[in-house]
Amino acid sequence: MTPDRAQLERDLASPLFTEGAARGRWRLITVAWPHAIFGITAKDGREFVLRLECSGYPAEPPTGGLWDLVNGAILTPALWPKGDAVFSGTFRWDWHGGGAMYFPLDRLSRMGHGDWASTHPHMAWKPERGIVQYLSEIHRYLNSRGYHGVA
């Protein structure tokens with residue numbers, strides 16, 4: 001087992017991750033290295049599937065987007081969650097073809113955004129928080145006033 005996968009497995013067994021799962025915020029669906037697939041619960045009870053590519057973890061944050069488990073592909077645009085401008089700025093199906101969330105915690109999205117660390121310090125990647133930091137932010141968005149559902 002590679003060091004990055006071993007660390008992810010440890011983090012998935014951590015109290016912070018298991019507490020979030022016990023509270024119904026998220027669940028681990030599967031790990032098919034280097035991908036980890038999670039269900040994240042929105043405020044309306046809908047579960048969105050998030051597929052994260054985790055190579056280099058935790059030195060590097062994961063990258064990924066919403067996933068269609070049935071078709072094994074990025075979720076089609078019509079099924080992406082909708083919301084206000086702040087919400088829609090992160091959940092962009094048009095960013096890298098829906099393959100990356102557009103916010104400072106995503107490995108792919110933070111490239112070319114050197115100012116994000118100073119303009120969004122609360123979302124600077126903290127390897128010691130690991131996967132829970134990423135999942136917590138996605139859960140926060142999906143449970144914010146800015147989330148309007150799918151329709």
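Just above, that's the structure.
Keep in mind that what you see is a predicted model, and the values were worked out from it rather than measured.

Participant: I'd like a rundown of the pattern of salt bridges, residues and numbers included.
Facilitator: For side chains of opposite charge, pairing can occur when their charged atoms come near one another. Counting across every chain of the model gives seven salt bridges. Here Glu9 makes a salt bridge to Arg5, at a shortest N to O gap of 3.4 Å. Of this pair, Glu9 and Arg5 are both found in helix H1 (residues 3-12), four residues apart, which corresponds to roughly one turn of the helix. According to the relative accessible area criterion, Glu9 is partly exposed, its value standing at 29%. With a shortest N-O distance of 2.6 Å, Arg107 and Glu53 are connected by a salt bridge. You can see Arg107 sitting in helix H4 (residues 107-110) and its partner Glu53 sitting in strand E3 (residues 47-53), a full 54 residues away along the chain.

Participant: Run through the pairing of strand E4 (residues 63-68), naming residues and quoting values.
Facilitator: Most of E4 sits out of view: six of its six residues are buried. Pairing geometry for E3 and E4, over four bridges, is antiparallel. Considered in E4, the bridge of Arg51 is made with Gly65. As defined by bridge partners, E4 adjoins strand E5 (residues 73-74) across two bridges and the pair is classed as antiparallel. Its bridge partner being in E5, Asp68 is matched across the sheet by Ala73. What sits between the antiparallel neighbours E4 and E5 is a turn of four residues, in which Gly72 has the positive phi angle 60°.

Participant: Quick rundown of the side chain of Thr90? Include the residues and the values.
Facilitator: Here Thr90 shows up in helix H3 (residues 85-90). Judged by its relative accessible area of 3%, Thr90 falls in the buried class.

Participant: Run through the sheet that holds E3, naming residues and quoting values.
Facilitator: Pairing is antiparallel in the open sheet, where five strands are placed in the order E1-E2-E3-E4-E5. Across the chains shown, the open sheet's two edge strands, defined by having one partner strand only, are strand E1 (26-32) and E5. Of the strands in this sheet, E1 and strand E2 (35-41) touch H1, which is tilted by about 155° from E1. Sitting on the sheet, helix H6 (residues 131-142) is in contact with E1, E2, E3 and E4, with an inclination near 35° to E2.

Rules behind the numbers
Residues numbered from 1 in each chain as written. Predicted model: local features only at pLDDT ≥ 70, side-chain atom pairs only at ≥ 80, totals over all residues. Heavy atoms only, no water. Salt bridge = Lys/Arg side-chain N within 4 Å of Asp/Glu carboxyl O. Helix = DSSP H or I, 4+ residues; strand = E, 2+ residues; numbered from the N terminus. Buried < 20%, exposed > 50% of the residue type's maximum accessible area, 1.4 Å probe, protein only. Pairing = 2+ DSSP bridges. Contact = heavy atoms within 4.5 Å. Axes fitted to C-alpha atoms, helices over the stretch in contact; angles between N-to-C directions.

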